[in-house]
Amino acid sequence: MTRLIRGCLAVLCLIGCGGEAPARDLVGKFGYLGEWDVSATLSEERAGRSGAASLSGPLLMKHNAVCGPGETPEKSGQIRLTLRGERYSAEMTLAGASCRFSGTLSPERHSFVACGGEQSIPLRLWFRDAGSRAP
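Quick look at the structure, then. All of these numbers come straight from a predicted model, not from anything done at the bench. (Residues numbered from 1 in each chain as written. Predicted model: local features only at pLDDT ≥ 70, side-chain atom pairs only at ≥ 80, totals over all residues. Heavy atoms only, no water.)

### Re the packing of aromatic side chains
Short version of the rule: In this analysis, rings of Phe, Tyr and Trp, with Trp reduced to its six-membered ring, are considered paired at centre separations within 6.5 Å, and the interplanar angle assigns stacked below 30 degrees, edge-to-face beyond 60, and tilted for intermediate values. Where helices and strands are cited, they refer to DSSP runs of H or I of at least four residues and of E of at least two residues respectively, numbered from the N terminus. Lysine NZ or arginine CZ positioned within 6 Å of the ring centre and within 35 degrees of the ring normal marks a charge as sitting over the ring.
Tallying each qualifying case throughout the model produces one aromatic pair. Look at Tyr 88 and Phe 101: their rings are 6.1 Å apart centre to centre, the planes differ by 85°, and that puts the pair in the edge-to-face class. Taken as a pair, Tyr 88 in strand β5 (residues 87–94) and Phe 101 in strand β6 (residues 97–104) lie far apart in primary sequence, 13 residues in all. One cation-aromatic arrangement involves Arg 24 over Phe 127; the distance from NZ or CZ to the ring centre is 3.8 Å.

### A look at the pairing of β6
Selection rule: At least two DSSP bridges between two strands are required for those strands to pair.
The pairing of β5 with β6 spans eight bridges and is classified as antiparallel. Looking at β6, one finds that Leu 94 is bridged to Ala 97. Between β5 and β6, which pair antiparallel and follow one another directly, the connecting turn spans two residues, one of which, Ala 95, has a positive phi of 50°.

### Quick look at the state of the cysteines
Defined simply, a disulfide is a covalent bond joining two cysteines at their sulfur atoms. Where we set the bar: Pairs of cysteine sulfur atoms within 2.5 Å are what we label disulfides. Exposure categories follow from relative accessible area, calculated using a 1.4 Å probe and restricted to protein chains: below 20% of the type maximum is buried, above 50% is exposed, and the middle band is partly exposed.
Applying the stated criterion across every chain yields a total of one disulfide. Each disulfide pairs two cysteine sulfurs, and for Cys 99 the partner residue is Cys 115, the sulfurs being separated by 1.9 Å. Residue Cys 99 is located in strand β6, and its partner Cys 115 is located in the loop between β7 (111–113) and β8 (121–127); the two are separated by 16 residues in the primary sequence. Exposure remark for Cys 99: the relative accessible area of 8% places this residue in the buried category.

### Observations concerning the pairing of strand β4 (residues 74–84)
Across 10 bridges, strand β3 (residues 53–63) lies against β4 in antiparallel orientation. Each bridged residue has a counterpart across the sheet, and for Ser 54 the counterpart in β4 is Thr 82. As judged from the eight bridges shared by β4 and β5, these two strands associate in the antiparallel manner. When the bridges of β5 are listed, Leu 83 appears paired with Tyr 88. Connecting β4 to the antiparallel partner β5 that follows it, the hairpin turn spans two residues, and Gly 85 within it adopts a positive phi of roughly 65°.

### Let's talk about unusual backbone geometry
Unusually for a residue other than glycine, Ala 95 sits at a positive phi of about 50°. Structurally, Ala 95 can be placed in the loop between β5 and β6. Classification of Ala 95 as exposed rests on a relative accessible area of 59%.

### Some points on the pattern of salt bridges
We count it as follows: By definition here, a salt bridge exists when the distance from a side-chain nitrogen of Lys or Arg to a carboxyl oxygen of Asp or Glu is within 4 Å.
One pass over the structure, following the stated rule, counts five salt bridges. The salt bridge partner of Arg 80 is Glu 45, with a shortest N-O separation of 3.0 Å. In this pair, Arg 80 is assigned in strand β4 and Glu 45 in strand β2 (residues 36–47), connecting sequence segments 35 residues apart. Taking relative accessible area as the criterion, Glu 45 reaches 31% and is therefore assigned partly exposed. Ionic pairing is found between Lys 62 and Glu 74, a salt bridge with its closest N-O pair at 3.9 Å. Taken together, the residues Lys 62 in strand β3 and Glu 74 in strand β4 connect sequence positions 12 residues apart. Looking at Lys 62, the relative accessible area reads 40%, which means it is partly exposed.

Structure follows, in structure tokens:
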């Protein structure tokens, strides 16, 4: 319940606060074992009439385990999120592949993403709390 309230307050602030909204740090884990650390710094694009906020920015994924043959230790791209409370829909371009997916912002809840013809892979995304350093 507390996360839902925080998510709603964050969206209201993005929509209703005067001036430019501060950048938000999006973090997460990608992969069956969370073997990729996800980070993005998102800025507000626009607030829609429906009350949804749109944020976008550069995305970086770093492999936090031993890479297999031919695997790169980092991948970069772009992400755009449309937020409604804790729920989001997203468009992501990563290492030349594009995909769309949706889910709930939470370190505990998985979404599944299939980019560039790959199989669906688990992804967890959430906003880093102020003062928190670890993804």
